[in-house]
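# Summary of structural features
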Amino acid sequence: MPSLSYPLQPQPDGYLSVVPAPNADELRRHYSEQYFQSPQTSSYQETYDALELRHKALKCSALLHAITQSRITKGEFLDIGAGEGFLMNEARQHRYKVTGIDFSAYGVEKFFPHLQSQLMSGDLYEVLDRLQVSGRRFAVCSAINVLEHVIAPDLFMLKVRNILEPGGLCAITVPNDFSKLHALLLDNKMIDREFWVAPPQHLHYFNCKNLPVFMASQGFELLDAFTDFPIDLFLLHSGSNYIADAKQGKAAHRARLLADLMIAEAGLSKYLALYRAMFAAELGRDITVLVRPINQ
């Protein structure tokens, strides 16, 4: 089990962290070998089928809709950890002036080559520091599945604060780990391990209860919070338990996409309302919060 090699330690705000954490050079080497370099050396996906692309578009549209509901509809948009560029592209279509940051340009070059000139490649902290020194400020910063990867979440949020313009907001998405559902699954022996513990990729483990506490401790007020489709519910049934039987993984993933797209047919406002309620119930695989610095 990963947790045997990388012990987890509770933090003051309730989330768990790998202790000791890898150093910056170790992480840089890991990501240079694993992420968005070539299909032979990473989890990078060469193509997506039509269903996957529809779902990616939905997730991006839902986030932009939530940001719009927070009354920020224009300005500079910074996507930290831009990956393949799907959110950058959606934000551009919403008429934001878009910039992305990622360790590698490989994914954006593959899927959205017209955005290459708007992508800054390199270490996230170093690029954020350059943006601050240059005086660049952003109306919106997004960090989708980034916070769980960085060495120091508090330092990351400080650097984000430093590049937000007055009244700007940040959208943060992380996995919902060590959740109530995970505890239920372990207690009833429906899973035999904490499968979500995955260092050195994931160094920190947040959930619906402790993520707002962490954000408040960093000087951010919570504007909105929602989750996404709770695929881990499939683990309650032996016939769809993709941890006990890995062959069920693809079918469970496809079921999630189909169900999520069906829910969205009601409209993005109702779609988000459902997942806001799920956040209150601590249910969902990923968590998204929209936060704004207090007394900026």
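These lines cover the structure that appears in this document, whether it is placed above or below. (Residues numbered from 1 in each chain as written. Predicted model: local features only at pLDDT ≥ 70, side-chain atom pairs only at ≥ 80, totals over all residues. Heavy atoms only, no water.)

With that out of the way, let us pick up the pattern of salt bridges. Tallying each qualifying case throughout the model produces nine salt bridges. In this structure, Asp228 and Lys59 form a salt bridge, with 3.4 Å as the shortest nitrogen-oxygen distance. With Asp228 in the loop between strand S9 (220-227) and helix H10 (249-264) and Lys59 in helix H3 (residues 50-69), this pair connects stretches of sequence that are 169 residues apart. Classification of Asp228 as buried rests on a relative accessible area of 8%. When its relative accessible area of 32% is taken as the criterion, Lys59 is described as partly exposed. For Asp129, the salt bridge goes to Lys159, with nearest N and O atoms at 2.7 Å. Here Asp129 is found in helix H6 (residues 124-134), whereas its partner Lys159 is found in helix H7 (residues 153-163), with 30 residues between them in sequence. (Salt bridge = Lys/Arg side-chain N within 4 Å of Asp/Glu carboxyl O. Helix = DSSP H or I, 4+ residues; strand = E, 2+ residues; numbered from the N terminus. Buried < 20%, exposed > 50% of the residue type's maximum accessible area, 1.4 Å probe, protein only.)

A few words now on the packing of H3 against helix H4 (residues 86-93). Closest axis-to-axis distance for the H3/H4 pair is 9 Å, and the angle between their directions is 55 degrees. Regarding the angle of H3 to H4, the classification is oblique. Between H3 and H4 the crossing geometry is right-handed. For the pair formed by H3 and H4, the contact residues are Leu53, Lys56, Cys60, Ser61, Leu63 and Leu64 on the first element and Phe86, Leu87, Glu90 and Ala91 on the second. Partitioned by chemical class, the residues of the contact of H3 with H4 number seven nonpolar, one polar and two charged. (Axes fitted to C-alpha atoms, helices over the stretch in contact; angles between N-to-C directions. Parallel < 35°, antiparallel > 145°, perpendicular 65-115°, else oblique. Left-handed = near helix turned anticlockwise from the far one by under 90°. Contact = heavy atoms within 4.5 Å. Nonpolar A, V, L, I, M, F, W, Y, C, P; charged D, E, K, R; others polar.)

The next subject is the pairing of strand S4 (residues 97-102). Along S4, five of the six residues are buried, which leaves the element largely enclosed by surrounding structure. Sheet topology note: the strand S3 (residues 76-80)/S4 ladder contains five bridges and is parallel. From the neighbouring strand, Phe77 faces S4, where its bridge partner is Val98. In the classification by handedness, the crossover that spans S3, the intervening H4 and the parallel S4 is right-handed. Where S4 lies against strand S5 (residues 119-121), three bridges are found, and the strand directions are parallel. (Pairing = 2+ DSSP bridges. Right-handed = clockwise from strand over helix to strand, strands pointing away.)

An order of S1-S2-S8 is seen for the three strands of this open sheet, with the pairing classed as antiparallel. At either margin of the open sheet sits one strand with a lone partner, and together these are strand S1 (8-10) and strand S8 (204-205). Relative to strand S2 (residues 16-18), S1 is paired through three bridges, and the arrangement is antiparallel. The residue bridging Pro10 from the neighbouring strand is Leu16, located in S2.

Further remarks concern the packing of aromatic side chains. The full count for this structure, using the stated rule, is 13 aromatic pairs. The interplanar angle of 90 degrees and the centroid separation of 5.0 Å between the aromatic rings of Phe86 and Phe112 together place this pair among those described as edge-to-face. With a gap of 26 residues between them, Phe86 in helix H4 and Phe112 in the loop between helix H5 (106-111) and S5 connect regions that are remote in the sequence. Phe112 matches Phe86 in its accessibility class, with the two residues each being buried. Note on Tyr271 and Tyr275: the rings are 4.9 Å apart at their centroids and 75 degrees apart in plane angle, and the pair reads as edge-to-face. With Tyr271 and Tyr275 both in helix H11 (residues 268-280) and four residues apart, the pair spans about one turn of that helix. The residues Tyr271 and Tyr275 share a single accessibility class, namely buried. (Phe/Tyr/Trp six-rings, centres within 6.5 Å; stacked < 30°, edge-to-face > 60°.)

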